[in-house]
Amino acid sequence: MTARDEWLKVDSIDLEAQGVARNAEGKVVFIEGALPGEEVQVQVGRSKNAWEQGVMTALRHESSQRVRPGCPHFGLHAGACGGCKMQHLDAAAQVAVKQRVLEDNLQHLAKVKADNILRPIEGPAWGYRYRARLSVRHVARKGTVLVGFHERKSRYVADMQVCPVLPAAVSALLMPLRALIGAMDQRDRLPQIELAIGQRLEGPVVALVLRHLEPMGAADADRLRSFGSVHGVQWWLQPKGPDTVHLLDEGGPELAYALPEFGLTMPFKPTDFTQVNHPINSVLVGRAVRLLDPRPGERVIDWFCGLGNFTLPIATRAREVLGIEGSETLVQRSRENAARNGLSAQSRFTARNLFELTPDDLVAYGGADRWLVDPPREGAFALAKALADLHAAPREGWAPPRRIVYVSCNPATLARDAGLLVHQAGYRCSAAGAVNMFPHTAHVESMAVFDRD
């Protein structure tokens, strides 16, 4: 690394929470730890013809938006946890950054401008992670076990004693988990613990899925049972792939989350995809359904439906909703959830590879008044492309949806698909807004509404 004596004025911040400045030569400099309005000195780690990247080493004229990080493991120091990137930035300012990223992606990547900007969806900034994948590492030379997220820019596991973005009761388990793994016979063959938390009136259900690379011995199983009894957690074991996950001991409360606005309870398995932030998810679903505005006589299609997170709420409002999902396992879980909530008559589900859709597929699924689209990070390019193709070459007897609500976890792929919908499929972007599903991280969740004039 090369230290620079020059003081740089930070003009903006990028999605990775790096300050952006220009040096005396006019070269762009990305600076970890710096915020807009500050003057900083930098130690440069990477240098290219057009830009440099480095770490802030000195600060003057501190930003009014700089706050004290809420976690002792956050920072630029050696061994710092890499799970969060924005704890030094005021929570409201974080949301503003994410909103700007969404708007910039739509404008610059797709040449699309939303008619209206939705108020960002926000919630608790701490204790919000109801799901997490924690790495486990037995460090024999130090005589310790590490359980947590990876260090910043490293494959090593951070030495974490607490994690404030996890619920307090789960954060308090980190050190006991380290002691448990250290006492197990198979401690060198346990690479991961996946956390999933369910909700019930009596309190949360904490499930821990332990990945083990060798068969679980009786002594280790007893250690897990003892830990679960003392700390009130439910152990699941994963000897191989996700389809091998099973309870250590049958019985115990089920995992589920609630959508109280719609009177729904959604059971799930600990490795099923559910949103990390349950309170935000509840607000997100409510807003999505209100924006979609399904009517009692209408048919709706929910693409990438998962467990039915949006499908079943829509089914309480529409005549019929079809949920389409790539995973047969999740489709089966959706059917079970529909039956559980008394919505089997209004909803049906089918499995389909949604990354290989064609215009013929859209016609075969039939017309719908409205669509809900909630894809993974890869987006819904095939779906948008097929819709654009049908706009260019309409089919008799099939009509496109009048409104589409698109829920995105990647603003770049949302922008790509928005470009197709607006410029080639006959839609306008009537609204868009950010959803702060992951406070203190660079992850941007968002929602956009497309209407056909």
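As the structure is a prediction and not an experimental result, all values here were calculated from the model. (Residues numbered from 1 in each chain as written. Predicted model: local features only at pLDDT ≥ 70, side-chain atom pairs only at ≥ 80, totals over all residues. Heavy atoms only, no water.)

Novice: Outline the overall build of the protein chain, listing residues and values.
Specialist: For the protein chain, the count of helices and strands is 10 helices and 22 strands. The C-alpha atoms of the protein chain give 24 Å as radius of gyration, which agrees with the globular expectation for 453 residues (22 Å, within 12%). With the C-alpha coordinates aligned to their principal axes, the bounding extent of the protein chain is approximately 70 × 65 × 35 Å. The long-range share in the protein chain, meaning contacts at least 24 apart out of those at least 6 apart in sequence, stands at 63%. Summed over its atoms, the accessible surface of the protein chain is roughly 19900 Å², and 50% of this surface lies on carbon and sulfur atoms. Charge separation in the protein chain, taken as the distance between the mean sites of 53 positive and 50 negative side-chain charges, equals 2 Å. (Helix = DSSP H or I, 4+ residues; strand = E, 2+ residues; numbered from the N terminus. Rg over C-alpha atoms; globule rule 2.2 N^0.38 Å. Contact = heavy atoms within 4.5 Å. Areas by Shrake-Rupley, 256 points an atom, 1.4 Å probe, with all protein chains shown as cover. Lys, Arg positive; Asp, Glu negative; His and termini not counted. Charge placed at Lys NZ, Arg CZ, Asp CG, Glu CD.)

Novice: Go over the nonpolar core with me, naming the residues and quoting the values.
Specialist: In this structure, Leu-210, Leu-224, Trp-235, Ile-314 and Val-405 are the most contacted members of the largest nonpolar core, which totals 86 residues. Considering each element in turn, this core owes the most residues, seven residues, to helix α5 (residues 278-292). Those residues in contact with Leu-224 that sit more than four places away from it in its chain are Leu-180, Met-184, Leu-210, Met-216, Trp-235, Leu-237 and Leu-248. One finds Val-112, Trp-303, Tyr-365 and Phe-450 within the second-largest nonpolar core, a separate group that totals 39 residues. (Core = buried A, V, L, I, M, F, W, Y, C linked by side-chain atoms within 4.5 Å. Buried < 20%, exposed > 50% of the residue type's maximum accessible area, 1.4 Å probe, protein only.)

Novice: Please give an account of the sheet that holds strand β13 (residues 246-247) that cites residues and values.
Specialist: With mixed pairing, the six strands of this open sheet are ordered in space as β9-β8-β10-β11-β12-β13. Edge positions in the open sheet fall to β9 (144-148) and β13, since each of these has one partner strand only. Sheet analysis places strand β10 (residues 192-198) next to strand β11 (residues 205-211), joined by seven bridges and oriented antiparallel. Note on β11: the bridge partner recorded for Leu-195 is Leu-208. Against the sheet, helix α3 (residues 174-183) touches β8 (131-139), β9, β10, β11 and β12 (233-238), its axis set at about 135 degrees to β9. (Pairing = 2+ DSSP bridges. Axes fitted to C-alpha atoms, helices over the stretch in contact; angles between N-to-C directions.)

Novice: Outline the packing of aromatic side chains, listing residues and values.
Specialist: Within the structure shown, the criterion is met by six aromatic pairs. With 6.2 Å between their ring centres and 70 degrees between their planes, Phe-30 and Trp-51 make a pair best called edge-to-face. In this pair, Phe-30 sits in strand β4 (residues 28-32) while Trp-51 sits in strand β6 (residues 51-60), placing the two residues 21 residues apart along the sequence. Ring geometry for Phe-304 against Phe-355: centres 5.9 Å apart, planes inclined by 55 degrees, an arrangement best described as tilted. Of the two residues, Phe-304 is situated in the loop between β16 (299-303) and α6 (311-315) and Phe-355 in the loop between β18 (347-351) and α8 (359-365); the sequence distance between them amounts to 51 residues. Connected via pairs of aromatic rings, a cluster forms that spans Trp-303, Tyr-365 and Trp-371. Taking NZ or CZ as reference, Arg-60 lies 4.3 Å from the ring centre of Trp-7, over its face. The ring of Tyr-156 carries the charged tip of Arg-155 above its face, separated from the ring centre by 4.8 Å. (Phe/Tyr/Trp six-rings, centres within 6.5 Å; stacked < 30°, edge-to-face > 60°. Lys NZ or Arg CZ within 6 Å of the ring centre and 35° of its normal.)

Novice: An account of the pairing of strand β2 (residues 8-13) is needed here, citing residue identities and associated values.
Specialist: Relative to strand β5 (residues 39-47), β2 runs antiparallel, the two sharing two bridges. The residue of β5 that forms the bridge with Lys-9 is Glu-39. Relative to strand β3 (residues 18-22), β2 is paired through three bridges, and the arrangement is antiparallel. From the neighbouring strand, Ser-12 faces β3, where its bridge partner is Val-20.

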